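In case you want the letters, here they are:
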Amino acid sequence: MDLTEGTPEEKRVRSKKMMLWFGIGSLIMSFAAWASAFLVSKKQRLDKDWLTNFDLPSAFLISIAVIVLSSFTFILAKNALKRGNRQMTSVWLMTTFVLGLVFIFNQFEGFNQIIEDGHYFTGPSSNITVTYIYFIAAAHIAHVVVGLVCLLVVIYNHFKQKYSANNMLGLELAGNFWHFVDILWICLFLFLYFFK
């Protein structure tokens, strides 16, 4: 397909979607780099101060269920909008937003569980293993916050009736980013679980 073909509106839609995918690609590379640093540090410090008996907090596991559920509620919002049911679209968008907040709450509960186990991000009680876990989880939380800001914009635009079954670009872009942070957390959790 020739990307120069199409109406100006089609070109605008394609360019916005492409920019989102470029951004997601760069985020994937960033998290891959941090995961690589984690593995290199583990190899270098395994016989020194790397924690081999550390269990991830249970709140992190609960947060997987919460964020997966939030992706489903976002899909339900999109489907409701396609059917022209604005009220249910509002309900599902708000539910997605609340679940995003619950996810962040669970992440901080996970941090509290790590602290209760006597491990801190920095200081004399810190450890390189746990510091990486804090950093990777906190970086992901930052991206969930970005997703929540996008959701707020979508909710605002939805209440201003800017979206319809034929005009969903903003909702689709926010949805793609939201699903990305969902899949990213699942991958990060599995990585930390199996490679810690």
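Described below are features of the structure shown in this document. All figures in this text were calculated on a predicted structure; none of them were measured in a lab.

### Brief notes about unusual backbone geometry
- Of note, the phi angle at Gln161 is positive, near 60 degrees, even though the residue is not glycine.
- If you trace the backbone, Gln161 turns up in the loop between helix H4 (128-159) and helix H5 (169-195).
- Residue Gln161 is classed as exposed on the basis of its relative accessible area, which comes to 58%.

### Focus on the pattern of salt bridges
- Enumeration according to the criterion identifies 2 salt bridges in this entry.
- Among the salt bridges present, the one from Glu172 reaches Lys17, with a minimum N-O distance of 3.6 Å. Taken together, the positions of Glu172 in helix H5 and Lys17 in helix H1 (residues 8-45) put the pair 155 residues apart, joining distant regions of the chain.
- On the basis of relative accessibility, which here comes to 23%, the residue Glu172 falls in the partly exposed class.
- Take Lys17: its relative accessible area is 32%, and that puts it in the partly exposed class.

### Structural notes on the packing of helix H3 (residues 86-116) against H4
- Relative orientation of the contacting elements H3 and H4 amounts to 165 degrees, with a least axis distance of 10 Å. Judged on the interaxial angle alone, H4 and H3 are roughly antiparallel. Judged by the sense of rotation from one axis to the other, the crossing of H3 with H4 is left-handed.
- Per-class residue counts for the contact of H3 with H4 are 24 nonpolar, 7 polar and 1 charged.

### So, the nonpolar core
- Phe60, Leu93, Ile114, Ile133, Val144 and Trp185 are the most contacted members of the largest nonpolar core, which has 53 residues in total.
- The element best represented in this core is H5, accounting for 14 residues.
- Residues within four places of Trp185 in sequence aside, it is in contact with Phe60, Ser63, Ile64, Ile67, Phe103, Gln107, Ala137 and His140.

### Here's the deal with the packing of aromatic side chains
- Under the defined criterion, the tally for this structure stands at 13 aromatic pairs.
- Note on Trp34 and Phe135: the rings are 5.0 Å apart at their centroids and 85 degrees apart in plane angle, and the pair reads as edge-to-face. Residue Trp34 is found in helix H1, and its partner Phe135 is found in helix H4; the two are separated by 101 residues along the sequence.
- Overall, the relative accessible area of 26% leaves Trp34 in the partly exposed class.
- Here Phe60 and Trp185 contribute two aromatic rings whose centre-to-centre distance is 5.4 Å and whose plane-to-plane angle is 85 degrees, an arrangement assigned as edge-to-face.

Conventions used here
- Residues numbered from 1 in each chain as written.
- Predicted model: local features only at pLDDT ≥ 70, side-chain atom pairs only at ≥ 80, totals over all residues.
- Heavy atoms only, no water.
- Helix = DSSP H or I, 4+ residues; strand = E, 2+ residues; numbered from the N terminus.
- Buried < 20%, exposed > 50% of the residue type's maximum accessible area, 1.4 Å probe, protein only.
- Salt bridge = Lys/Arg side-chain N within 4 Å of Asp/Glu carboxyl O.
- Axes fitted to C-alpha atoms, helices over the stretch in contact; angles between N-to-C directions.
- Parallel < 35°, antiparallel > 145°, perpendicular 65-115°, else oblique.
- Left-handed = near helix turned anticlockwise from the far one by under 90°.
- Nonpolar A, V, L, I, M, F, W, Y, C, P; charged D, E, K, R; others polar.
- Core = buried A, V, L, I, M, F, W, Y, C linked by side-chain atoms within 4.5 Å.
- Contact = heavy atoms within 4.5 Å.
- Phe/Tyr/Trp six-rings, centres within 6.5 Å; stacked < 30°, edge-to-face > 60°.

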